Amino acid sequence: MSSRAVKRLLKERGYDESAESNALIERRERELQGEDQATSDSKESKPQPKANMFDLLMGGDDGGDNDESDSDRSEVAVETAPAPKPAVAAGEGKRRAKGKKKGKGKKSGAPAASGGDEQTMEEFEAELAKLQQQLPETTAALEDGRAESGKGKGEALGVVLTEEQQRNRALLVADAKHLDSEAEIRRMFGSAAVKDKGRRLGAASLGKRLTLSHPKANWPAMRAQAGIEMRAADSAAGQAEDPTGGSWFVMEHSGRFRSVQAEFLAAVMTHSADGVAAIAHHHPYHVDALLQLSEILKQTGGDFAEAGELVERALYAFEIGFAPRFSAVSGMARLDFRYVESRTLYLALFRHMQFMSRRGCWRTAFEVNKVLLSLDPVKDPYGALLTLDFHALKSRQYEYVCQFVSDWSWSSVDLPNWAFSRALAEFMMERQQGQGSAAHSMELLVQAILKFPTVVPVLWSKANVGVDDVVLTHPYFQDEVVADTSAMTHMQLVTQLFVERHTPLYRTPEVARWMQEGLLLALESIARNDTPQSKYEAQKRLCTYVIPENISRHVLVADLEVLKAGLPEDIRTAESFAFDPLPPNDDINVYKVLMGGGPGGEPRMPGAFEIDGEVYDMEDFEGEEGMGLLQQMVNHIRLRLGGGAADVNDPGTSSDEEGVEEQ
């Protein structure tokens, strides 16, 4: 019986060669796996493509001879398993197909090449009827299993996600191909716009697949890991009941890294920029030194391109140490912010996002922003939600903004930036689709104005939207609290953050006209006293001088100097370092005692240090007389961290790095 006849018979009986067929075959393969194990072990195993239903029923060719005509294939004998075993394993079916190629031209009555008995038409129809009876039940079971367990990408990561978790996770998955800023520049301006085109340094020697960083050929060679390694977090660390369903990790420093860290801390506490630069030179992948030096270059008006490259080098050092199960782009990898070793990766991602924005690589910045938020989407330690909508709008991901507001439930998006950004995203989509009316976006804009009215005087004025000043002084748009001249409320701070960052998006003529019309409609609603209660709820929630820790940290690193003065006094005066701004209250820091804390954790005067029971101030380390004392401090830190005392060979430099320096 020819293959065409078989297919025609299957079609007449309502059988469809589809995904359900493959699912059934896979289930039958698993059932027979034990029986076929002995045969499989005796032969060389090779990866095979998924079996086709017709190949299994017909014992068909494996695709190696594509020139075989229909007339030739019609003469191929029909091979099946013996009657008690109607389905055969995919591996066995392929082996039979391979052994049968030379039998092309045999009549259907000839014995099968594998030695099996010939199957009559009646037996074939009986087996086919049995498969058809089993198919609906198997397909339904598979579909029910997917619905209940949340199968898909989340299951591949070893977790079972609820429907809500899947919706939220989908918003955090980063597109790896858009994490390359040079590729984005080539897409925008062509290959000629990229300097040193094609000069990339692979990481094949270290066996890593990189997504966050793209090493360049002029970077120092990394022949061993940089001393930063990642491990799975302890379930007892308080992350067991994580509502996101993510997998938690922590970073750790090796003994060698801690030894170098002693020199770094000494340079930072003595405000020695030259010392930080020397450490970055001798240890080119010491992440804290790289980030600190990058900030020094930026603050002193240095080369911004070089400063950004230092940050990317730090990301490269981190990526080499990532755990095998950690995927920065999966949306499911979490990093415990309490550990000082882990916090540096958060800062590196934030700085990298800033440099990508400065270069105009908005899509890259958007994807990095998602990675940053995914590390802890509930606590959001660096306030990634305050920039995600901006980067999505700049990269024209308008649908993402609307989808995020609709689906996100792991942390609050009830903030001015998201309310106005959702309206603007809807307006831009309406223009792209050529809709004459902007009814839906106008409705969203009016809602945003009525809910966050204090945005109006600031945004409309800064964006130069033509509105009468009398309108902007309307009592509804004014703060309902007496302003403290020494600080901002939570509402004032998030409003100013939104306006300072988003204003350029509202300066086009089309958007300005849309804003004018929206404001008039909002005023009509106010005149009718038809205002939502949400305005008063937002005022009550945000008009407080208690600023969340993550927003304060965001302001400190966001390069918005005008807003730092509005932070609470205790934040402004707190001892903090550029490589670890505003540590959390539940800080887990192996270096804490060495950076100004007493042996029992009690506070000590900032800049004070203890050697052999005697406390010294930083002034004691100045001048030539203080150099010996400074070396004692470094050795003391090394001993406390288990790094050993100093020697003439510079204990922080590996032999590989010494060889690179000599070259």
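Residues numbered from 1 in each chain as written. Predicted model: local features only at pLDDT ≥ 70, side-chain atom pairs only at ≥ 80, totals over all residues. Heavy atoms only, no water.

## Looking at the packing of aromatic side chains
Under the counting rule described, the total for this entry stands at 21 aromatic pairs. Seen from their ring centres, tyrosine 285 and tyrosine 316 are 5.7 Å apart, and the 75° between their planes marks the pair as edge-to-face. With tyrosine 285 in the loop between helix H12 (273–282) and helix H13 (287–299) and tyrosine 316 in helix H14 (residues 304–320), this pair connects stretches of sequence that are 31 residues apart. The pair tyrosine 285 / tyrosine 316 is uniform in exposure class, with both members buried. Here the aromatic rings of tyrosine 476 and phenylalanine 477 are separated by 6.0 Å at their centres, their planes lie at 85°, and the arrangement is edge-to-face. Note on accessibility: tyrosine 476 and phenylalanine 477 belong to one class, buried. By way of ring pairs, the aromatic residues Phe366, Tyr400, Phe404, Trp408, Trp410 and Trp418 are connected into one cluster. Across the ring face of phenylalanine 337, the terminal group of arginine 343 is positioned such that the distance to the ring centre comes to 5.9 Å. (Phe/Tyr/Trp six-rings, centres within 6.5 Å; stacked < 30°, edge-to-face > 60°. Helix = DSSP H or I, 4+ residues; strand = E, 2+ residues; numbered from the N terminus. Buried < 20%, exposed > 50% of the residue type's maximum accessible area, 1.4 Å probe, protein only. Lys NZ or Arg CZ within 6 Å of the ring centre and 35° of its normal.)

## Describing the pairing of strand S2 (residues 247–253)
For S2, the buried fraction is high: six of the seven residues fall into the buried class. The pairing of strand S1 (residues 228–232) with S2 spans five bridges and is antiparallel. From the neighbouring strand, alanine 232 faces S2, where its bridge partner is phenylalanine 249. As paired elements, S2 and strand S3 (residues 333–335) share three bridges and run parallel to each other. (Pairing = 2+ DSSP bridges.)

## Some words on the sheet that holds S1
Pairing is mixed across the open sheet formed by three strands, whose spatial order is S1-S2-S3. Strands with a single pairing partner mark the edges of an open sheet, and in this sheet they are S1 and S3. When the angles between neighbouring strand axes are averaged without regard to direction, this sheet yields 40°. (Axes fitted to C-alpha atoms, helices over the stretch in contact; angles between N-to-C directions.)

## Observations regarding helix H15 (residues 340–358)
Here H15 is 19 residues long and its end C-alpha atoms lie 27 Å apart, about the 27 Å a rise of 1.5 Å per residue gives. The element H15 is largely enclosed, with a buried count of 18 among its 19 residues. Within two residues after H15, glycine 360 carries a phi angle of roughly 80°, on the positive side. (Expected span 1.5 Å × (residues − 1).)

## Points about the environment of valine 546
Along the chain, valine 546 turns up in the loop between helix H25 (534–542) and helix H26 (549–557). As for valine 546 and proline 568, which are separated by 22 residues in sequence, their C-alpha atoms are 7.9 Å apart.

## Some remarks on the packing of helix H17 (residues 385–394) against helix H23 (residues 490–502)
Orientation of H17 relative to H23, taken along the N-to-C sense of each, is 25°, at an axis distance of 11 Å. On the basis of the axis angle, H17 is roughly parallel to H23. H23 is crossed by H17, and the crossing has right-handed handedness. Residues Leu386, Thr387, Asp389 and Phe390 of H17 touch H23, and the partners they reach there are Leu497, Arg501 and His502. (Parallel < 35°, antiparallel > 145°, perpendicular 65-115°, else oblique. Left-handed = near helix turned anticlockwise from the far one by under 90°. Contact = heavy atoms within 4.5 Å.)

## Topic: the packing of helix H21 (residues 455–462) against H23
Closest axis-to-axis distance for the H21/H23 pair is 10 Å, and the angle between their directions is 15°. In terms of their interaxial angle, H21 and H23 are classed as roughly parallel. Here H21 runs over H23; the crossing is right-handed. Across from Val455, Val458, Leu459 and Lys462 in H21, the residues of H23 making contact are Thr495, Gln496, Phe498, Val499 and Glu500.

## Looking at the nonpolar core
The biggest cluster of nonpolar side chains holds 127 residues, and the ones touching the most others in it are Phe404, Phe420, Trp460 and Tyr506. The element contributing the most residues to this core is H15, with ten residues. If sequence neighbours within four positions are ignored, phenylalanine 420 has contacts with Leu445, Ala448, Ile449, Phe452, Val455, Trp460, Phe498 and Tyr506. Counting residues in each nonpolar core, the second largest holds 15 residues, with Val494, Ile547, Ile551 and Leu560 among its members. (Core = buried A, V, L, I, M, F, W, Y, C linked by side-chain atoms within 4.5 Å.)

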